[in-house]
Amino acid sequence: MTDADEVWGCIVVGGGVMGSATALQLVERGVRTLLLEQFTLPHTRGSSVGGTRVIRRAYREQLAYMADIVTESISMWEQLQDKTGVKLIVPKPFVVVADRTVEGVRSKARTLQTAGLPHRLAGGPALRADFPALHYPVGFTGLVDEKGAQIRADKAIKCLQPEVFIICFYRSLCSQEVFSQKGGVIRDGVKVETITPGDVITLSTSRGTYRTRRLVLTCGPWAGDVLAGVGLHPPLQVMPINLLYMRKSQGEPISVRDDFPCLFDDDSEVGAFPSLEHPDTIKISFSQQGGTDRGHTAHPDRRDADMAAQLAADQAFLKDYVSKHFPDFENQPCVVERCMYTNTPDGNFILDRYPSHSNIVFGTGFSGHGFMAAPVVGQLLCQMVLDLPTSYDVTPFRLSRFPRKTSSL
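Note that the coordinates shown come from a computational prediction; the quantities given were computed from them, not determined experimentally. (Residues numbered from 1 in each chain as written. Predicted model: local features only at pLDDT ≥ 70, side-chain atom pairs only at ≥ 80, totals over all residues. Heavy atoms only, no water.)

K.L.:
Help me out: how do you make sense of the side chain of Arg 56 in this one?
P.N.:
Tracing the sequence through the fold places Arg 56 in the loop between strand 4 (52-55) and helix 2 (65-84). In this structure the side chain of Arg 56 is engaged in a polar contact, spanning 3.5 Å, whose partner is the backbone oxygen of Ala 58. (Helix = DSSP H or I, 4+ residues; strand = E, 2+ residues; numbered from the N terminus. Polar contact = N/O pair within 3.5 Å; in protein donor to acceptor, adjacent residues only side chain to side chain.)

K.L.:
Can you help me understand the pattern of salt bridges in this one?
P.N.:
Any two side chains of opposite charge can pair, given that their charged atoms come close. Tallied over the entire structure, the rule returns 14 salt bridges. In this structure, Arg 110 engages Glu 61 in a salt bridge whose closest nitrogen and oxygen atoms are separated by 3.0 Å. Remark: Glu 61 occurs in the loop between strand 4 and helix 2 and Arg 110 occurs in helix 3 (residues 102-114); sequence separation between them is 49 residues. For Arg 110, a relative accessible area of 35% puts it in the partly exposed group. (Salt bridge = Lys/Arg side-chain N within 4 Å of Asp/Glu carboxyl O. Buried < 20%, exposed > 50% of the residue type's maximum accessible area, 1.4 Å probe, protein only.)

K.L.:
Where do I start with the packing of aromatic side chains in this structure?
P.N.:
The description of an aromatic ring pair uses the distance of the two centres, along with the angle that the planes make with each other. In the structure shown here, the tally under the stated rule is eleven aromatic pairs. In textbook terms, an aromatic cluster arises when at least three aromatic residues are bridged by ring pairs, as seen for Tyr 136, Phe 140, Phe 260, Tyr 321, Phe 326 and Phe 329. The ring of Trp 8 is capped by Arg 32, whose NZ or CZ atom sits 4.1 Å from the centre of that ring. The cationic tip of Arg 56 hangs over the ring face of Tyr 59; the distance from NZ or CZ to the ring centre is 4.3 Å. (Phe/Tyr/Trp six-rings, centres within 6.5 Å; stacked < 30°, edge-to-face > 60°. Lys NZ or Arg CZ within 6 Å of the ring centre and 35° of its normal.)

K.L.:
Before we go on, may I ask you to explain unusual backbone geometry in this structure?
P.N.:
Both trends apply: most residues other than glycine have a negative phi, and most peptide bonds are in trans. One non-glycine residue, Asp 280, lies in the positive phi region at around 65 degrees. Inspection of the secondary structure puts Asp 280 in the loop between strand 17 (270-274) and strand 18 (281-286). Classification of Asp 280 by relative accessible area gives partly exposed; the value is 44%. The phi torsion at Asp 387 lies on the positive side, around 60 degrees, for a residue other than glycine. Overall, the relative accessible area of 55% leaves Asp 387 in the exposed class.

What follows is the structure in structure tokens.
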């Protein structure tokens, strides 16, 4: 039987963290699943790259339901960690600070309170007593979630993705082997060119034709192009983000691992946290979530073009920020990397189905805070494409919250 003759139970397009989590959910339900990725794995072109991601549950009350989603995702990451024997979760307090936008911090505190999650408010000096690397003045208010954490992102992807990675790197059975045993297949270097909906969906790709009864599109920064091909035009903004790694100054008594939390500044939209991939450094960047005016937009195939001015502006601002608030660190980066955010206007995810073809669902617009929630997002997309009741109300994630134009296929 050729690829063109075979009909899959479900095809997932996009082999980042969302597509991989969705594919694993599908095979665990016994669905014969094909995961397609346009680049050769592993690659650094998308939004799931790097060694560190932050887990945070301190959301403003408008997005309070995200605290529950993230809490369940932590549990699911821990289950994957236990199954694979690979350490994925590193406990680390999460701190939000603000001076001008204190009401936002208090709103996040109320979210944690409603969710029954331990937290506390502290002024600048109190924060320094707990986290010696932080230097914020008296006027600042801080919110501390002691149960925050970091994810070893590169290892998490390897544990989610099937059969591409070498199993002998790990001492015990990894989920990619489980995926293969249960009927999952991954094919990388396969770019989807056209999608023809129907009871059986046809995908024309750079390496032939595939057919499936169900389709999940998790295409990261390329989602706008792929969804436009099926007549959908979500309001997405792709933003390359400069990630700067600042080294601890020599001789300083602080411990990067122990004395520096995961931190977000609500006033300046700066995020900073210890790097798991570059020892004795912190990773610092602008958040750029929810369609902020600051920053550079680009097509994902040209993400590094014309970025010199943006990098210079980011470095100038962050150099001053580090000097003021993290004086135990050098204010010049020792490493600069780049990632891409796919933002929606309200900074919230889009999880939905094609209006006239219920066997096509899509997830996009994760706006810089999707990685930590990937296990639950994968669960929801799996439930949606199988027409099962969803674990959470997906109404807040629907595309219909934005004005849109849709063409029928």
